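The primary structure of each chain is shown beneath.
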Amino acid sequence: MMDWPQGVGRRVLASVDSTMAEGARVAPSLMGPEWILTHEQTAGHGRRGRAWASPSGNFMASLVLRPSEPPDQVALRSFVAALALREAFVAATGRENAFKLKWPNDVLLNGGKVAGILLESIGAGMQVDHLIIGIGVNLVAAPSPEQVEEGATSPVSLLKEMGTRLTPEAFLDLLAPAYARWEASFTTYGFGPIRTAWLKDAARVGEVITARTTKESRTGTFETVDEAGNLILKTAKGREVITAAEIFF
C-alpha cells in the first residue's frame, strides 16, 4: 500500500448490506477518517434511494469523516471526492482527457457514467457529527440500459472502455491518497481552489443542458458553478441558481 494517507483507517469486508450503512454503524467508535471497502453489497443505493447495481469486481466503498464545517460547507465534499476520483482514474490509465466531471456528483468516462458519489451526514440540528461519502465505480461491469433512468447518462465500465483491469483494493490505493490531498486543500484553503479545479474538467460547460427536479425541468446553458456549489443555468428567464437536480444532456 504505497502512499496510504497517514492516520486514515482501512477496513475491507467480504460482504455487507451497504458500506454507507456500515459507516453509520461504526462512525461513533472511529478515532479518525476510515475507508470501508466491500466485495459484495446486498443493499446498495444511489441518489433518492435508487438501487445501486453492485456486480462483483466493481468498487464499492465509503469514507467516514468527522467534519468541522457548517452543513453547507460539508456538502461541498462531493466536489472533493469527484476530483480525487478523476485523479485516481488518470493515475490508473494515463488518459487525462477521457474523464470529465458531471454536476453534482458523477464522473464520466468517454461521455458515459463510470462512477457516482453519494453523501450522507449524521448529526442533529445544524451540527454534522459524521459525513459518509459513498463511492461506486464500474471497474469491470456497468449496469444495463434497462437498469438506469430513461434519458440518464449511459453507464460504462473502466475495463470495457479502457482495457484497464483493477481490483477494488488497487483502486482504493490510488483513491485514498488522492482524496487526502484534495481534502487537505479544502480544509486549508476552502472551496475556491476546489471549484477552480472542478470547473477545469467539468462536462458540458457552455452547452445546453436540462436540470430536472422532482417538480420541474429547466433547460439552459450551463454557465458555471458558484461559490456555494450551485449550478448556474442561463435560461430564457435569465440566470437561474440550481441547488439540487438531476442533469440530462
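Our structure's up above, just so we're on the same page.
Residues numbered from 1 in each chain as written. Predicted model: local features only at pLDDT ≥ 70, side-chain atom pairs only at ≥ 80, totals over all residues. Heavy atoms only, no water.

K.L.:
Got a minute to help me understand the overall build of the protein in this structure?
P.N.:
Looking only at helices and strands, one finds 6 helices and 12 strands in the protein. Relative to the globule expectation of 18 Å for 249 residues, the C-alpha radius of gyration of the protein, 17 Å, shows essentially globular dimensions. Seen along its three principal axes, the alpha-carbon backbone of the protein occupies a region of about 50 × 40 × 35 Å. Out of the 249 residues belonging to the protein, those deemed buried represent 50%. Counting contacts in the protein only where the partners sit at least 6 residues apart, residues at least 24 apart contribute 64% of the total. Summing over all exposed atoms, the protein offers an accessible surface of approximately 11,700 Å²; the carbon and sulfur share of this is 51%. Computing the positive centroid from 25 side-chain charges and the negative centroid from 27, the protein places the two 4 Å apart. (Helix = DSSP H or I, 4+ residues; strand = E, 2+ residues; numbered from the N terminus. Rg over C-alpha atoms; globule rule 2.2 N^0.38 Å. Buried < 20%, exposed > 50% of the residue type's maximum accessible area, 1.4 Å probe, protein only. Contact = heavy atoms within 4.5 Å. Areas by Shrake-Rupley, 256 points an atom, 1.4 Å probe, with all protein chains shown as cover. Lys, Arg positive; Asp, Glu negative; His and termini not counted. Charge placed at Lys NZ, Arg CZ, Asp CG, Glu CD.)

K.L.:
Which parts of the structure should I look at to understand helix α1 (residues 19-26)?
P.N.:
Helical geometry: 3.6 residues make up each α-helical turn, so side chains three or four residues apart lie on a common side. Along α1, the residues that are buried comprise Thr 19, Met 20, Glu 22, Gly 23 and Val 26. Summarising the axial view, the buried residues of α1 lie within an arc of 160°, below the 170-degree limit, and thus occupy one face. (Arc of directions from axis to C-beta.)

K.L.:
Help me understand the sheet that holds strand β8 (residues 208-212), please; the structure alone is not making it clear to me.
P.N.:
Two pairing modes exist for strands in a sheet, parallel and antiparallel, and in both the strands are linked by backbone hydrogen bonds. Pairing in this open sheet of 5 strands is antiparallel, and the strands run β11-β10-β9-β8-β12 from one edge to the other. Of all the strands in the sheet, just β11 (238-242) and β12 (246-248) have a single pairing partner and so form its edges. Averaged over all adjacent pairs, the angle separating strand axes in this sheet is 45°, with direction ignored. (Pairing = 2+ DSSP bridges. Axes fitted to C-alpha atoms, helices over the stretch in contact; angles between N-to-C directions.)

K.L.:
Is there a simple way to explain the sheet that holds strand β3 (residues 59-65) in this structure?
P.N.:
As summarised here, the arrangement of the 7 strands in space is β1-β2-β3-β7-β6-β5-β4, forming an open sheet in which the pairing is mixed. The open sheet is flanked by β1 (9-13) and β4 (99-102), the only strands paired with a single partner. Shown here is a sheet whose adjacent strand axes are inclined to one another by a mean of 20°, direction ignored. Two elements, strand β5 (residues 106-109) and strand β6 (residues 112-122), share 4 bridges in a ladder whose sense is antiparallel. Looking across to β6, one finds that Asp 106 is bridged to Gly 116. Across the sheet, α1 is in contact with β1, β2 (34-38), β3, β6 and β7 (130-137); its angle to β2 comes to roughly 140°.

K.L.:
What am I meant to see in the environment of Ala 244 here?
P.N.:
Secondary-structure assignment places Ala 244 in the loop between β11 and β12. Filtering out sequence-adjacent residues up to four positions away, Ala 244 remains in contact with Trp 103 and Thr 213.

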